[in-house]
Amino acid sequence: MKNDSRTKPGPHLELIKTMSPPDGLPPGLFAEAVRQAPVAISITDEKANISYVNKAFTEITGYSPAESLGQNESMLSDKNTPRPVYHEMWGNLQQRVAWRGRLLNRHRNGHAYLAELTVAPILDAEGNTTHYLGMHRDITEVYQLQQQAVDQKRLIETMVNSMPMATLLLDENGDIVLDNLAYKKLDSDLGLREPSRMFLDILQEEMGAEWERLKNEGLGFRNQEVRYERGGRHEPRWFACSGTWFKQGNDHVDAFFKEDVHTYLLLMLDDITQQKKHEAEIRSLFGLVTGLITRQQL
Ligand code: FAD
């Protein structure tokens, strides 16, 4: 109990303790609530000298009340937080406005952690700042996960963009979630506003019931040929289409407490028009040669 803030309460804990509780609440409950709150809480004077810390403050920073009281909050600074961040913080506080932001703090044992901090002025009856209230959480893990997700998204986008064939990710309504540069080029080449709709319609019609079966079973198809006639002076275009369905959870908050899975289709459109032309040329050449041979044999 030596390092517990209860054994050595700062004057501000006494202040909280003596506050008259709202009707129906037992005395001392406020102080206990602050002491036990699962967020690092500190109370300072106007110069940011610490006069109270709660249990979570000690857990998150590593500093006991004995080591914190009387020290400036700057003891938590990793010294890598850019100065403008502090300027903004103090700028707000001087105008008696609370500030919320992220700082790089250093734990007593030496490791750096990212703190999401809210600092609020405590005002007296005349509206003057008498103290500051600081509340912070260690968000290092959350930040790392967010960064990993951002990096992975960037990696996937780079990979998809560097693929030579038109590639797109479609949701259940056929709306595009992700597409690559080759698909964007196809967009203008084919003179259609949204070529994916045309491909989906043709593939669905040609594959019939098989389309639904593969979708329901989370399977895929390969090299389904689609011919597109633009008309006019434009030659027909051929595409070998491959697709894979997969399911993914919904990241919307509404789905937090229920399982809400969505089906996506990864569709790849390989332009095989040149290949088809060569095949046609070879076929007509073959026809010509067989015709000649037959005529010679007659
Ligand atoms: P400082 O000497 O503090 O100077 C940095 C800038 O802030 C300068 O521009 C200076 O003019 C201005 N400034 C400093 N003190 C005051 C003041 N009293 N009034 C007006 N302007 C001032 N910092 C962290 O790094 N981590 C924390 O978790 C953290 N928690 C805080 C909690 C509370 C309740 C408060 C009030 C402040 C907190 N701070 C925290 C800020 C901390 O007090 C320091 O300002 C900061 O750490 C920079 O310290 P420094 O010694 O490098 O620079």
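Our subject is the structure that appears above.
Here's what I pulled together on the structure shown here. Note that the structure is predicted; figures quoted are calculated from it, not measured. Residue numbers restart at each chain and count upward from 1, following the sequence in its written direction. Where local features are concerned, this predicted model is filtered to residues with pLDDT of at least 70; where side-chain atom pairs are given and counted, the filter is 80 or more; whole-chain, interface and lining totals use all residues. To obtain the side-chain values, all non-hydrogen atoms of the structure were included, while hydrogens and water were left out.

Here we look at the pairing of strand E4 (residues 112-123)
DSSP-based pairing: two strands are paired if at least 2 bridges between them are found. Runs of H or I in DSSP of at least four residues are treated as helices and runs of E of at least two as strands, each being numbered from the N terminus. Where strand E3 (residues 99-106) meets E4, eight bridges bridge the pair, whose relative direction is antiparallel. Bridging from a neighbouring strand, Trp-99 pairs with Val-119 of E4. Remark: five residues form the turn of the hairpin made by E3 and E4, two consecutive strands paired antiparallel; Gly-110 in that turn has positive phi of roughly 110°. Sheet topology places E4 next to strand E5 (residues 129-138); nine bridges connect them, and they run antiparallel. Of the residues in E5, the one forming a bridge with Pro-121 is Tyr-132. Hairpin remark: E4 followed by E5, antiparallel, with five residues in the connecting loop; positive phi at Gly-127, about 85°.

Topic: the pattern of salt bridges
Once the charged atoms of two side chains with opposite charge are near each other, the side chains can pair. The salt bridge criterion pairs a side-chain nitrogen of Lys or Arg with a carboxyl oxygen of Asp or Glu, the two atoms within 4 Å. As enumerated under the stated definition, the model contains 17 salt bridges in all. A salt bridge links Arg-227 to Glu-229, with the nearest nitrogen and oxygen atoms 2.1 Å apart. The classification of residues rests on relative accessible area computed with a 1.4 Å probe and restricted to protein chains. Under 20% of the type maximum is buried, over 50% is exposed, and intermediate values are partly exposed. Assessed through its relative accessible area of 41%, Arg-227 is described here as partly exposed. Using a relative accessible area of 44% as the deciding quantity, one classes Glu-229 as partly exposed.

Quick word on the sheet that holds strand E9 (residues 237-249)
The strand order across the open sheet formed by five strands is E7-E6-E10-E9-E8, and the pairing between neighbours is antiparallel. Every interior strand has two partners, whereas the edge strands, strand E7 (176-179) and strand E8 (220-228), have only one. Shown here is a sheet whose adjacent strand axes are inclined to one another by a mean of 25°, direction ignored. Bridge count for strand E6 (residues 166-170) against strand E10 (residues 261-271) is five bridges, and the pairing is antiparallel. Each bridged residue has a counterpart across the sheet, and for Leu-170 the counterpart in E10 is Leu-265. Angles run from 0 to 180 degrees between N-to-C directions of axes, and those axes are lines fitted to C-alpha atoms, restricted for helices to the stretch in contact.

Structural notes on a nonpolar patch on the surface
On the surface, Leu-285, Leu-288, Val-289 and Ile-293 cluster together to form a nonpolar patch covering roughly 380 Å² of accessible area. By the element assignment, Ile-293 lies in helix H10 (residues 273-297). A patch consists of residues whose relative accessible area exceeds 30% and which take part in no salt bridge; residues with like charges are grouped when within 9 Å of each other, and nonpolar side chains (Val, Leu, Ile, Met, Phe, Trp, Tyr) when within 5 Å. For every accessible area listed, the method is Shrake-Rupley and the probe measures 1.4 Å; residues are considered covered only by the protein chains on display.

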